Amino acid sequence: MTTLSPRYLGGNTPLRPGTENYATNAVRAIVFANSAARQSRSSVISSKHLLIGVLQLPHSAARDSLVQLGVSIDELQAEIEVGLDPLSHGAERYIPFTKNARRVLDKAEESLKSETTHLDVGHLLQAIVDTPGCSAAKTLARYGVTSSNLQPLVSNSRSERVAKYSSATPATDFSSR
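Values in this document were obtained by computation on a predicted structure and should not be read as measured data. (Residues numbered from 1 in each chain as written. Predicted model: local features only at pLDDT ≥ 70, side-chain atom pairs only at ≥ 80, totals over all residues. Heavy atoms only, no water.)

Student: How would you sum up the overall build of the protein? Please name residues and give values.
Tutor: Along the protein, the regular secondary structure elements total 8 helices and 0 strands. Its helices and strands in sequence order give the protein the pattern α-α-α-α-α-α-α-α, from N to C terminus. Relative to its 177 residues, the protein shows a buried fraction of 44%. For the protein, the accessible surface area stands at approximately 9000 Å², while carbon and sulfur atoms represent 52% of it. (Helix = DSSP H or I, 4+ residues; strand = E, 2+ residues; numbered from the N terminus. Buried < 20%, exposed > 50% of the residue type's maximum accessible area, 1.4 Å probe, protein only. Areas by Shrake-Rupley, 256 points an atom, 1.4 Å probe, with all protein chains shown as cover.)

Student: Describe the pattern of salt bridges, and please don't skip the residues or the numbers.
Tutor: Between side chains of opposite charge, a pair can form when the charged atoms approach closely. Evaluated as defined, the whole model comprises 1 salt bridge. Measuring nitrogen to oxygen at the nearest pair gives 2.6 Å for the salt bridge that ties glutamate 79 to arginine 142. A residue pair is termed long-range when its members are at least 10 positions apart, and glutamate 79 in helix α4 (residues 73–82) and arginine 142 in helix α7 (residues 135–142) qualify at 63 residues. Judged by relative accessible area, which is 28%, glutamate 79 ranks as partly exposed. (Salt bridge = Lys/Arg side-chain N within 4 Å of Asp/Glu carboxyl O.)

Student: Go over unusual backbone geometry, please, and point to the residues and values.
Tutor: Phi angles above zero are rare outside glycine, and arginine 41 is one such case at about 60 degrees. Relative to the assigned elements, arginine 41 resides in the loop between α1 (24–39) and α2 (47–55). For arginine 41, a relative accessible area of 40% puts it in the partly exposed group.

Student: Go over the environment of glutamate 81 with me, naming the residues and quoting the values.
Tutor: With respect to the helices and strands, glutamate 81 occurs in helix α4. Judged by relative accessible area, which is 42%, glutamate 81 ranks as partly exposed. As for glutamate 81 and isoleucine 52, which are separated by 29 residues in sequence, their C-alpha atoms are 8.2 Å apart.

Student: Describe the environment of alanine 23, listing the residues and the values that go with them.
Tutor: Inspection of the secondary structure assignment puts alanine 23 in the segment before α1. For the pair alanine 23 and histidine 118, spaced 95 residues apart in sequence, the C-alpha to C-alpha distance is 5.6 Å.

Student: Could you give me a rundown of a positive patch on the surface, with the residues and numbers involved?
Tutor: A contiguous patch of positive charge on the surface is contributed by Lys99, Arg102, Arg103 and Lys107. Take arginine 103: its relative accessible area is 32%, and that puts it in the partly exposed class. (Patch = residues over 30% accessible without salt bridge, like charges linked within 9 Å, V, L, I, M, F, W, Y side chains within 5 Å. Lys, Arg positive; Asp, Glu negative; His and termini not counted. Charge placed at Lys NZ, Arg CZ, Asp CG, Glu CD.)

Student: Outline the nonpolar core, supporting the account with residue identities and numerical values.
Tutor: When a protein is soluble and globular, its nonpolar side chains tend to lie buried together. The biggest cluster of nonpolar side chains holds 44 residues, and the ones touching the most others in it are Leu50, Leu51, Leu66, Leu124, Leu125, Ile128 and Leu140. It is α1 that contributes the most residues to this core, 8 residues altogether. When neighbours within four sequence positions are excluded, leucine 140 is seen to be in contact with Leu51, Leu66, Leu76, Leu125, Ile128, Val129 and Val145. (Core = buried A, V, L, I, M, F, W, Y, C linked by side-chain atoms within 4.5 Å. Contact = heavy atoms within 4.5 Å.)

Student: Would you mind going over the side chain of threonine 131 in detail, with residue names and values included?
Tutor: Looking at the element boundaries, threonine 131 is found in the loop between α6 (121–130) and α7. Judged by relative accessible area, threonine 131 falls into the buried class, the value being 1%. Polar side-chain contacts of threonine 131 include one of 2.6 Å to the backbone oxygen of alanine 127. Not counting residues within four places of it along the chain, the set of residues in contact with threonine 131 comprises Asn100, Arg103, Val104, Lys107 and Ala137. (Polar contact = N/O pair within 3.5 Å; in protein donor to acceptor, adjacent residues only side chain to side chain.)

Structure below.
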């Protein structure tokens, strides 16, 4: 098994410039998104691939927030996977992000300016919901997930994790748990 560096997404392909502030769970979600794109033989990483990556983290604030909103993770994941459009050719070694997926990552990074020093998977989920026109946001909207009902849950869950892990293990990245 390969150890993943937050700055790289497989091999020597840069994840994104400036991703040193990405928490381990956010990097893992993006790696899972890349894997989902490869498995669906897509030539791009879309916002739906990012959402699949978020859903792959079983004990994250993002996933817990969706469950609290009554979302069936299995149903959501099945719907997303059915909606992925595989291409007739295999994915290249480097799979670029779509315009909307880049907008999601940019929006998540913008939230760091006002909130915290590390971008976690909750930021990614909130950015998906807050990116108008992206297919993953439309899918989540069909499940009743909106920015206004998601944001307090993600923020509260993130705060609880900070309190729980900062006192016990101050040098550990709490957001990866």
